[in-house]
Amino acid sequence: MLVLSRKKDEVIVIGDDIEVTIVDIRGDQIKIGVSAPRSVSIHRKEIYDAIHAENKAASQATASQVGKLADLLRQRANK
Amino acid sequence: MTDVLTIQTERFGELNVPKEEIIEFPEGLLGFAEQKNYVLVQEAAYEPFLWLQSTDDPHLSFVVVDPVAFLPDYRVEIKPSEVESLELTSVDEAKVLVIVVVRDQPEDITANLQGPLVINTEKCFGKQVVLLTDRYSTRHYILQEDQGGAEKGFTAQQEEKAQQETSNDESSGE
């Protein structure tokens, strides 16, 4: 991994069209501004990872699980 | 005449899908970047749930649901740049679905409220959007009521509002 030292308001350029700016530094929190083309998705890694994991888990559903669930909802609705 | 695509699926066998019902996710879903085309399959036995079946991969499908059925107040706020990239000009063109994880205990079903699917129904393409808010979790137990207060909801007014903002600043203001 490339490691660069930057101060507040300094910028890193990645390729031709991505810029990363150090917007603010306060204690252990750093505000980072990213400007990139729309086609580039930018996410906080922990959220990206969580959604990735949920998608994986969701793709494992079985028809019988979903059928049972739908039955349960019908029973509840009929109460 | 409509073009019909015949696809093989593990779950539903052979499906004949009119081309205009194919929904493209140009970026795929998170973790599934390669599979870009899907079709919504509705079967009475599974209602209100739908299957989002990949037309690229016979083995890949997700269970999805219209969140309004469970969370009438659920609200999706998407960034102006995403409104634009989804080519949404009005709220009526947008359909929001959430992906659910179904477990052996039906009550344990969770919905990913932080990463909903927003679909432009006119143009048949969509995107899995990552909401900037931390109000919603990726694992919301939709059938269990004791979750410490209802979460706030989706209306598309938010999208219109977002559209009116001219700024492309992605700052989430945290």
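What you see is a predicted model, and the numbers here were worked out from it, not measured in a lab. (Residues numbered from 1 in each chain as written. Chains lettered and ligands numbered in written order. Predicted model: local features only at pLDDT ≥ 70, side-chain atom pairs only at ≥ 80, totals over all residues. Heavy atoms only, no water.)

1. What to know about helix 1 (residues 45-58) of chain A
Taking 1.5 Å per residue, 14 residues should reach 20 Å; helix 1 of chain A reaches 20 Å between its end C-alpha atoms and fits that length. Against strand 6 (61-65), strand 7 (94-101), strand 8 (110-111) and strand 10 (125-128) of chain B lie the buried residues of helix 1 of chain A. (Helix = DSSP H or I, 4+ residues; strand = E, 2+ residues; numbered from the N terminus. Expected span 1.5 Å × (residues − 1). Contact = heavy atoms within 4.5 Å.)

2. Focus: the pattern of salt bridges
All names here are of chain B. On inspection of all chains with the given rule, the structure shows eight salt bridges over all chains. When the shortest N-O distance is used, the salt bridge between Glu 27 and Lys 127 registers 3.1 Å. One end of the pair, Glu 27, is in the loop between strand 3 (23-24) and strand 4 (37-41); the other, Lys 127, is in strand 10, with 100 residues separating them in the sequence. When the shortest N-O distance is used, the salt bridge between Lys 123 and Glu 87 registers 3.1 Å. Of this pair, Lys 123 sits in the loop between strand 9 (117-120) and strand 10 while Glu 87 sits in the loop between helix 1 (80-85) and strand 7; the two residues are 36 residues apart in sequence, bridging distant segments of the chain. The class of Glu 87 is partly exposed, set by a relative accessible area of 39%. (Salt bridge = Lys/Arg side-chain N within 4 Å of Asp/Glu carboxyl O. Buried < 20%, exposed > 50% of the residue type's maximum accessible area, 1.4 Å probe, protein only.)

3. Describing the packing of aromatic side chains
Under the definition given, this model contains seven aromatic pairs over all chains. Between B:Phe12 and B:Trp51, the ring centres sit 6.0 Å apart and the planes meet at 75°, which makes this aromatic pair edge-to-face. With a gap of 39 residues between them, B:Phe12 in the loop between strand 1 (4-9) and strand 2 (13-18) and B:Trp51 in strand 5 (residues 50-54) connect regions that are remote in the sequence. Each member of the pair B:Phe12 and B:Trp51 is classed as buried. Here a set of aromatic residues connected by ring pairs shows up, and it is made of B:Phe25, B:Phe32, B:Tyr38 and B:Phe62. The ring of B:Phe32 has A:Lys56 sitting right over it, with the charged end atom 5.3 Å from the ring centre. (Phe/Tyr/Trp six-rings, centres within 6.5 Å; stacked < 30°, edge-to-face > 60°. Lys NZ or Arg CZ within 6 Å of the ring centre and 35° of its normal.)

4. Things to note about the nonpolar core
Here is a general trend for soluble globular proteins: nonpolar side chains tend to be buried in one another's company. In this structure, B:Phe49 and B:Tyr74 are the most contacted members of the largest nonpolar core, which totals 40 residues. Those elements that provide at least two residues to this core are helix 2 (63-78) of chain A together with strand 2, strand 4, strand 6 and strand 7 of chain B. When neighbours within four sequence positions are excluded, B:Phe49 is seen to be in contact with A:Val66, A:Leu69, A:Leu73, B:Val63, B:Val64, B:Val65, B:Phe70, B:Val100 and B:Ile109. Judged by nonpolar contacts, the second largest core, of 16 residues, contains B:Phe25, B:Leu29, B:Phe32 and B:Val101. (Core = buried A, V, L, I, M, F, W, Y, C linked by side-chain atoms within 4.5 Å.)

5. Quick word on the pairing of strand 9 of chain B
Strand residues, when the strand is regular, have side chains that alternate between the two faces of the sheet. Residue and element names in this part refer to chain B. Neither face of strand 9 is left uncovered, since the one carrying Leu 117 and Ile 119 and the one carrying Val 118 and Asn 120 both have all their residues buried. Relative to strand 9, strand 7 runs antiparallel, the two being bridged by four bridges. Directly across from Val 96, in strand 9, lies its bridge partner Val 118. Count of turn residues in the strand 9/strand 10 antiparallel hairpin: four residues, of which Cys 124 carries a positive phi of about 55°. (Pairing = 2+ DSSP bridges.)

6. Some details on the interface of chain B and chain A
Tallying the contact residues gives 43 residues for chain B and 29 residues for chain A. Carbon and sulfur atoms make up 58% of the area that chain B and chain A hide from each other, which totals about 3,200 Å². Together, B:Leu30, B:Val102 and B:Leu143 form the three largest contributors to the area buried by chain B at its contact with chain A, with a combined 17%. Our count for the chain B to chain A interface comes out at one salt bridge. Of the charged contacts, one joins A:Glu54 and B:Arg139 as a salt bridge, the two residues approaching to 2.6 Å between their closest N and O atoms. For the interface between chain B and chain A, the tally reads eight residue pairs in polar contact (both at pLDDT 80 or more). Contributions of two or more residues to the side of chain B that touches chain A are made by strand 6, helix 1, strand 7 and strand 10 of chain B. Split into classes, the residues belonging to the side of chain B that touches chain A amount to 22 nonpolar, eleven polar and ten charged. (Buried area = accessible area lost by both parts, 1.4 Å probe. Polar contact = N/O pair within 3.5 Å; in protein donor to acceptor, adjacent residues only side chain to side chain. Nonpolar A, V, L, I, M, F, W, Y, C, P; charged D, E, K, R; others polar.)

By themselves, these are just geometric observations and shouldn't be taken as functional.
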